[in-house]
Amino acid sequence: MSPEHVVVVRGRRRRTYLRADVREALHDDGALVLLATNGTELARTTTGIPAPDLERAFRGAGYVWDPHA
């Protein structure tokens, strides 16, 4: 992740989401969720990374993090 984009890797698949397309990120039941500017899900992927660590990383890169998820 960087201020310009988020890369989600699942197995051999790799998907890049531009910052301009990501409205916010959140942690929901063990999954990282990226929401589009229109509120739809761009990505939902299971992760072993704790929510506080994801929050710190996303906020540090300038993304909106939904703490209520």
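Fair warning: this is a prediction, and the values are worked out from it, not measured in the lab. The residue count restarts for each chain, going from 1 along the sequence in the order it is written. Two thresholds apply to this predicted model, a pLDDT of at least 70 for residue-level local features and 80 or more for giving and counting side-chain atom pairs, whereas whole-chain, interface and lining totals are computed over all residues. With hydrogens and water excluded, all non-hydrogen atoms of the structure serve as input to the side-chain values.

**So, the pattern of salt bridges**
What counts, and what does not: By definition here, a salt bridge exists when the distance from a side-chain nitrogen of Lys or Arg to a carboxyl oxygen of Asp or Glu is within 4 Å. A 1.4 Å probe rolled over the protein chains alone gives each residue an accessible area, and that area as a share of the maximum for its type sets the label: buried under 20%, exposed over 50%, partly exposed in between. Starting at the N terminus, helices and strands are each numbered in turn, a helix being any DSSP run of H or I of at least four residues and a strand any DSSP run of E of at least two.
Overall, the coordinates contain 5 salt bridges when judged by the stated rule. A salt bridge links Glu24 to Arg23; the nearest nitrogen and oxygen atoms lie 3.1 Å apart. On the basis of relative accessibility, which here comes to 36%, the residue Arg23 falls in the partly exposed class. Residue Glu55 pairs with Arg59 through a salt bridge whose shortest N-O separation is 2.9 Å. Here the residue Glu55 and the residue Arg59 both occupy positions in helix 1 (residues 51-60), the gap between them amounting to 4 residues, near one helical turn. Each of the salt bridges in this network shares a partner with another, and the network as a whole consists of Asp28, Glu41 and Arg44.

**Topic: the environment of Ala25**
Note the threshold: The contact rule is simple, with two residues in contact once any of their heavy atoms fall within 4.5 Å.
With respect to the helices, strands and loops of the structure, Ala25 is situated in strand 3 (residues 22-28). On the accessibility criterion, Ala25 (0% relative accessible area) is buried. Separated by 42 residues in sequence, Ala25 and Pro67 have C-alpha atoms that sit 9.2 Å apart. Setting aside anything within four residues of it in sequence, one finds Ala25 in contact with Leu32, Val33, Leu34, Phe58, Val64, Trp65 and Asp66.

**Focus on the pairing of strand 2 (residues 13-18)**
We apply this condition: By this definition, two strands are paired if DSSP reports at least two bridges between them.
Of the strand pairs in this sheet, strand 1 (residues 5-10) and strand 2 are connected by 6 bridges, and their pairing is antiparallel. Each residue of the ladder has a partner; that of Val8, found in strand 2, is Arg15.

**Considering the packing of aromatic side chains**
The relative placement of two aromatic rings is captured by the distance of their centres and the angle of their planes. Our working definition: In this scheme Phe, Tyr and Trp rings, the latter by its six-membered ring, pair at centre separations within 6.5 Å, and the angle between planes marks the pair as stacked below 30 degrees, edge-to-face above 60, and tilted otherwise.
For the coordinates displayed, the defined rule picks out 2 aromatic pairs. Judged by centre distance (5.5 Å) and plane angle (75°), the rings of Phe58 and Tyr63 are edge-to-face. Between the aromatic rings of Phe58 and Trp65, the centroid separation amounts to 5.8 Å while the plane-to-plane angle is 35°, which identifies the pairing as tilted. Trp65 shares its class with Phe58; the two are buried. Aromatic ring contacts, followed pair by pair, group Phe58, Tyr63 and Trp65 into a single cluster.

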